[in-house]
Amino acid sequence: MSGRSNVSDNGAESRQGGAAVSALEPVAAGGRRRLGTVISTAGSPSFFHTEFRLDAQRDTSPGNYVAIETARLDGRRRLVVARVNDVHEVNPHEDAMSSTLREVLPFGTRYAAEGSSTVIYRVANAEPLEEMVVADDDVVVDVRAIETLPRAGSVVFDAGPELTLRALGLEPDPAGGIHIGSAYGDASVPIVLNRDVIQLHMFIAGGIGMGKSYTRGVIAEELRAWGVPQVNIDINGEMIDATRELGGKNLVPGRDGFKIPLSALSSADVIDAVPSINPGTNMETLLGFAHETLLKEVQAGRREYFTVDDLVEQIDDCAYQLEMTTRRGANRQLDRRTVEPTKLRTQSLNRLSFLGQPFDWKASLVPGAVINIDCRGLLLSELRLITASVARDLQRLARNRQIPFTILSIDEFHLVAPANEGAVTTQVLREIARVGRHYKLGLILTTQSPADVDRSILKRLLTRFLHAIEPDQLDALRGVFSDASDELIRAMPKLPRGVCVVTGAFETIRHAAVVRVRHRRTTHGGGTPDIWADLSELGWTGKHSFVDHEG
């Protein structure tokens, strides 16, 4: 049987064995705009790669979504939705030799433009994502893995909002989920994640000034709208204004009634915070044992919390239990060479103004609560202590079902959870990332340096917002790109500000999407300061010449 096409009286092209498709019709069922036709090349069409020739005056760009007519089976149409990766032009009149000849020889050369020329055209390559089964009334009745090969000559259309959202597994209505923005290049396609993604943890990465903290603010607005309590560790003060506008609380450690108890820290945390306690020494053993003894009393309900002074006092009792004593006649006395230095060094914890009575998380974490902990100006060791304490407090309360589902958000989390087993916060964040969803505790972690973060935590953050980032950081993200194409990954360092690639597990977003983040309703506190405005206010306007300066 011949595969040649026949042209009917009305100009519609039909292929033997397939449904009639119009070579001239600019609009498909459902009002979708025709873009071109699938072409046959060395690797196209296939189940993994499809190329199509664009009609004259039709355009598409990387990240856009197209629909390809494939077949009609069981009385229903089949469409394959594909993501455009790249577009290139074919024009033999402008190859290197022809262009050079035209400049060297004094003969004017003119040729027909695309649409009139038989040799000039543009080709887009796309990656098939999902197959749709469509009823005659253009209603999608099923979304499935691709089973039908797009054939050369098949018509390609803009996918439009409905098909794009069904292929990506997104919500159709911004009121029904976490509204992030719109598809880059097609503002008519809203990007709305299912609200359940917050249980699977979120990761936001990007270079300086590329929009990661802005995106975090958008998510804060969405969580507030859904009533999800959120606690944010704010290292740079970027969420202070937004927190106030969302009706939340800004807390400064050591002030505003916000302190952390020693009982929220592990013995290793406390030992790290005390200066000159060397590992493997009797002082380390003694201090660790004293802290664990008081911690057991808190866990048993015999104490609500304990102070630095309580810990210092406990050291004497624990030294007797550990037999850190010397014999004086018939009596045993404390070995003061170990005990006294341990007590003196432990007392240095009083320098940390944020240690004290526990913060009342249970009373504060009500639906819609936004608690922003302003950590500007803290030493890195202090920041890690506070983060570890907050994380453990929330973990304990969540396990005991004493708080509703809560999000813990950490800005610049490479500082508090580096790829380092010894960091005080790494272990607790690993635990939350691994099983937090089971006891209703979620994470949002933001960084400009993914190469420096703990990999065990990173791979468990199942919804990812990836802004433009330096090429040397891309290798660290290899495990979180999901099905983003190589072309898209190579383009990431050049993404515009406010645009990100959203990827995730199948439960969060089926396929990578390029998103323009929506406009925030709250103040963005993370913008780069206008240094030139400061200089202008001080009387230095414009660029001065040396002559003007000398004059």
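Along every chain, residues carry numbers that run from 1 in the direction the sequence is written. Residues qualify for local features only when their pLDDT is at least 70, as the model is predicted, and side-chain atom pairs are given and counted only at 80 or more; totals for whole chains, interfaces and linings, by contrast, use all residues. Side-chain metrics rest on all non-hydrogen atoms present in the structure, leaving aside hydrogens and water.

Trainee: Describe the nonpolar core, naming the residues involved and giving the relevant values.
Mentor: Counting residues in hydrophobic clusters, the biggest one holds 85 residues, and the most contacted among them are Leu349, Trp361, Val390, Leu408 and Leu429. A run of H or I in DSSP becomes a helix once it reaches four residues, and a run of E becomes a strand once it reaches two; helices and strands are each numbered from the N terminus. It is helix α10 (residues 380-399) that provides the largest number of residues to this core, a total of eight residues. Here, residues are in contact when the closest pair of their heavy atoms is within 4.5 Å. Contacts of Trp361, omitting those with residues within four sequence positions, involve Val231, Phe258, Ile371, Ile373, Val390, Asp393, Leu394 and Leu397. Grouped together as the second largest cluster of nonpolar side chains are 39 residues, Leu79, Val143, Ile178 and Phe465 included. By nonpolar core is meant a set of buried Ala, Val, Leu, Ile, Met, Phe, Trp, Tyr and Cys residues that side-chain atoms within 4.5 Å join together. We call a residue buried when its accessible area falls under 20% of the maximum for its residue type, exposed when it is over 50%, and partly exposed in between, using a 1.4 Å probe and counting protein chains only.

Trainee: Quick one: what's the story with the pairing of strand β20 (residues 463-467), residue by residue and with numbers?
Mentor: Most of β20 is tucked away, with five of its five residues classed as buried. Two strands pair if DSSP finds at least two bridges between them. As defined by bridge partners, strand β12 (residues 202-205) adjoins β20 across four bridges and the pair is classed as parallel. The residue of β20 that forms the bridge with Ala205 is Leu466. Both β20 and strand β21 (residues 499-504) contribute to a ladder of five bridges, which runs antiparallel. Counted as the bridge partner of His467 is Cys500 from β21.

Trainee: So what about the packing of aromatic side chains? Which residues, and what values?
Mentor: Each pair of aromatic rings taken from Phe, Tyr and Trp, with Trp reduced to its six-membered ring, is defined by centres within 6.5 Å and is described as stacked if the planes are under 30 degrees apart, edge-to-face if over 60, and tilted in the remaining cases. Within the structure shown, the criterion is met by four aromatic pairs. With a centroid separation of 5.5 Å and an interplanar angle of 65°, the aromatic rings of Phe258 and Phe359 are classed as edge-to-face. Taken together, the residues Phe258 in the loop between β14 (249-251) and α5 (267-273) and Phe359 in the loop between α8 (336-347) and α9 (361-364) connect sequence positions 101 residues apart. One exposure class covers both Phe258 and Phe359, and it is buried. Ring geometry for Phe359 versus Trp361: centroids 4.8 Å apart, planes at 75°, classification edge-to-face. Comparing Phe359 with Trp361, the two get one shared label, buried. Aromatic ring contacts, followed pair by pair, group Phe258, Phe359 and Trp361 into a single cluster. Working rule: Lys NZ or Arg CZ, within 6 Å of ring centre, within 35 degrees of ring normal, means a charge sits over the ring. Lying over the aromatic face of Tyr214, Arg520 brings its terminal NZ or CZ to 5.3 Å of the ring centre.

Trainee: Run through the pattern of salt bridges, naming residues and quoting values.
Mentor: For this document, the term salt bridge refers to a Lys or Arg side-chain nitrogen within 4 Å of an Asp or Glu carboxyl oxygen. Within the structure shown, the criterion is met by 26 salt bridges. The salt bridge involving Arg392 is made with Asp269; its shortest N-O contact spans 2.4 Å. Taken as a pair, Arg392 in helix α10 and Asp269 in helix α5 lie far apart in primary sequence, 123 residues in all. Salt bridges sharing partners connect three or more residues here, namely Glu221, Glu222, Arg518 and Arg521.

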